[in-house]
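Here is what each chain is made of, one letter per residue.
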Amino acid sequence: MGMFPLKKRLKFTSIIGGFAMMATAALVASPAAQAHSTMFSQGGINATGGVTSITGAAGGGLNPLAFIGGYETDDQIGGTAFYSHDIAGSYSLNAGGALIGFYNRVEVSVARDNFDLGNPGASLGLGSDFNLEQNVISVKARLFGNPVYDQESLEPVVSVGLQYHENVSAAFPGTNRNIVDVLGAHPDGTSFYIVATKLWLDGLFGHYTVLSAGLNVTNANDEGLLGFGGTNAVGQYKSGYHVEPFVTAAYFLNRKVAIGGEYRDEPSFPVGVGAGLNLNQGGAWKDLFLAYFPNKNLSITAAYVDLGTIGNAVSGGQVIDVKNSNGLYLSLTAYF
């Protein structure tokens, strides 16, 4: 943090302080303060902790769920750590991070994403293996609903969350400015979401069944990897929050194996006009996944992923097609 400008440090401090206040409120309000011997036990049902999205929130690989991460109950604290690797066509993504869930009420997470542009980056004059990098700090709060005890009603679990992104990508070649800044976007930004998730323990054919839907309020380009907002035709910064839907569905073949899919709309802001590039990014992110929960300490998720249009660039009047972003995804989540 010592290398960041004071303004960024203050921004991080205020956000982390807000997370700390929410977590403290959860601690004070919970009866778990009187039950140290069971505070860190894993009282939840296997697989109800979900896996971890690339931005650190508990859910699927792409979308958050309304459930709080970990296997804690209302009087326990739980947590997870994760690592994900995605080979999406010409690109590759590495993500890692951790979260803590407080009393099945509040979740705080951190994540680091590294997106390697590979050969397309070289085609755009960025050099081979140019990386887009960001840090993500997230908080999620469950408003109402319980995934296990509300089986006799259709009431879902409903949560709200926010995610603060700090883009720390390398400088644009020939400058000392973050590539996102040169492309005309803002390197930092905050997204907000609301999500409702329903778990049926005796669902389709008597197996666990999960349906989830939410709205993401954001101006992030590719989840913040290309910054926030963009430029208009004359190179002026243009922004504005978009409301984008996301949905997740999962079906458990047995108590340890789930199959499903995710869909996530992304806003589209033209970026790169001022740098001589027109990166027409955007489009929905999608996946089909297989998740394995051998026990309450580990989950393994494999998926086929489509990350939409990462970049369909126009440089010097020549179209450079760099939008192939389909590939395989593997993620490991450890629970404690």
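This is a predicted model, so every value here is computed, not measured.

(A) Molecular detail of the pattern of salt bridges. Applying the stated criterion across every chain yields a total of 7 salt bridges. Residue Asp 306 is joined to Lys 286 by a salt bridge in which the shortest nitrogen-to-oxygen separation is 3.4 Å. Taken together, the residues Asp 306 in strand S15 (residues 298-306) and Lys 286 in strand S14 (residues 285-295) connect sequence positions 20 residues apart. Connected through shared salt-bridge partners, Glu 223, Arg 264 and Glu 266 make up one network.

(B) Geometry of the sheet that holds strand S18 (residues 326-335). The strand order around the closed barrel built from 12 strands is S3-S4-S5-S6-S7-S8-S9-S12-S13-S14-S15-S18, with neighbouring strands paired in antiparallel fashion. Adjacent strand axes in the sheet meet at a mean angle of 20 degrees, parallel and antiparallel pairs treated alike. Judged from the 10 bridges that link them, strand S9 (residues 209-218) and strand S12 (residues 242-252) form a sheet pairing that is antiparallel. Pairing of Asn 216 across the sheet is with Glu 244, part of S12.

(C) Representation of the side chain of Arg 264 in the model. Note that Arg 264 resides in strand S13 (residues 257-264). Residue Arg 264 is classed as buried on the basis of its relative accessible area, which comes to 4%. Polar side-chain contacts of Arg 264 include one of 3.0 Å to the side chain of Asn 63. When sequence neighbours within four positions are dropped, the list of residues in contact with Arg 264 reads Leu 62, Asn 63, Pro 64, Asn 216, Glu 223, Pro 245, Phe 246, Ala 284 and Trp 285.

(D) Structural view of empty space enclosed by the protein. Applying the stated criterion to the full structure yields 3 cavities of 30 Å³ or more. In this structure, the largest cavity spans a volume of roughly 220 Å³. Considering the residues around the largest cavity, the lining is formed by 20 residues, among which Gly 50, Leu 65, Ala 250, Phe 252 and Phe 293 are closest to the centre. Every element with two or more residues in the lining of the largest cavity is listed here: S12 and S14. Residues of the lining of the largest cavity, tallied by class, amount to 13 nonpolar, 7 polar and no charged.

(E) Fine view of the nonpolar core. In terms of nonpolar packing, the biggest core is built from 49 residues, with Phe 115, Leu 117, Leu 132, Ile 179, Phe 252, Phe 293 and Leu 307 touching the most fellow members. Judged by nonpolar contacts, the second largest core, of 7 residues, contains Met 39, Tyr 103, Val 108 and Val 139.

(F) Examining the packing of aromatic side chains more closely. The full count for this structure, using the stated rule, is 5 aromatic pairs. With a centroid separation of 6.2 Å and an interplanar angle of 50 degrees, the aromatic rings of Phe 192 and Tyr 241 are classed as tilted. Here Tyr 241 lies in the loop between strand S11 (237-238) and S12 and Phe 192 lies in strand S8 (residues 188-200), a separation of 49 residues in the sequence. Take Phe 192: its relative accessible area is 37%, and that puts it in the partly exposed class. Residue class for Tyr 241 comes out partly exposed when judged on its relative accessible area of 46%. Ring geometry for Tyr 208 against Phe 252: centres 5.4 Å apart, planes inclined by 70 degrees, an arrangement best described as edge-to-face. Here Tyr 208, found in the loop between S8 and S9, pairs with Phe 252, found in strand S12; they are 44 residues apart in sequence, far enough to count as distant. On the basis of relative accessibility, which here comes to 6%, the residue Tyr 208 falls in the buried class. One aromatic cluster is present, built from ring pairs that chain together Tyr 208, Phe 252 and Phe 293. Across the ring face of Phe 246, the terminal group of Arg 264 is positioned such that the distance to the ring centre comes to 5.2 Å. Taking the ring centre of Tyr 71 as reference, the NZ or CZ of Lys 296 above it sits at 5.9 Å.

What counts as what
Residues numbered from 1 in each chain as written. Predicted model: local features only at pLDDT ≥ 70, side-chain atom pairs only at ≥ 80, totals over all residues. Heavy atoms only, no water. Salt bridge = Lys/Arg side-chain N within 4 Å of Asp/Glu carboxyl O. Helix = DSSP H or I, 4+ residues; strand = E, 2+ residues; numbered from the N terminus. Pairing = 2+ DSSP bridges. Axes fitted to C-alpha atoms, helices over the stretch in contact; angles between N-to-C directions. Buried < 20%, exposed > 50% of the residue type's maximum accessible area, 1.4 Å probe, protein only. Polar contact = N/O pair within 3.5 Å; in protein donor to acceptor, adjacent residues only side chain to side chain. Contact = heavy atoms within 4.5 Å. 1 Å grid on protein atoms, 1.4 Å probe; cavity = no way out; pocket = protein on both sides within 12 Å on 5 of 7 lines; lining within 4 Å. Points joined across faces, edges and corners; volume = space filled by probe spheres on them. Nonpolar A, V, L, I, M, F, W, Y, C, P; charged D, E, K, R; others polar. Core = buried A, V, L, I, M, F, W, Y, C linked by side-chain atoms within 4.5 Å. Phe/Tyr/Trp six-rings, centres within 6.5 Å; stacked < 30°, edge-to-face > 60°. Lys NZ or Arg CZ within 6 Å of the ring centre and 35° of its normal.

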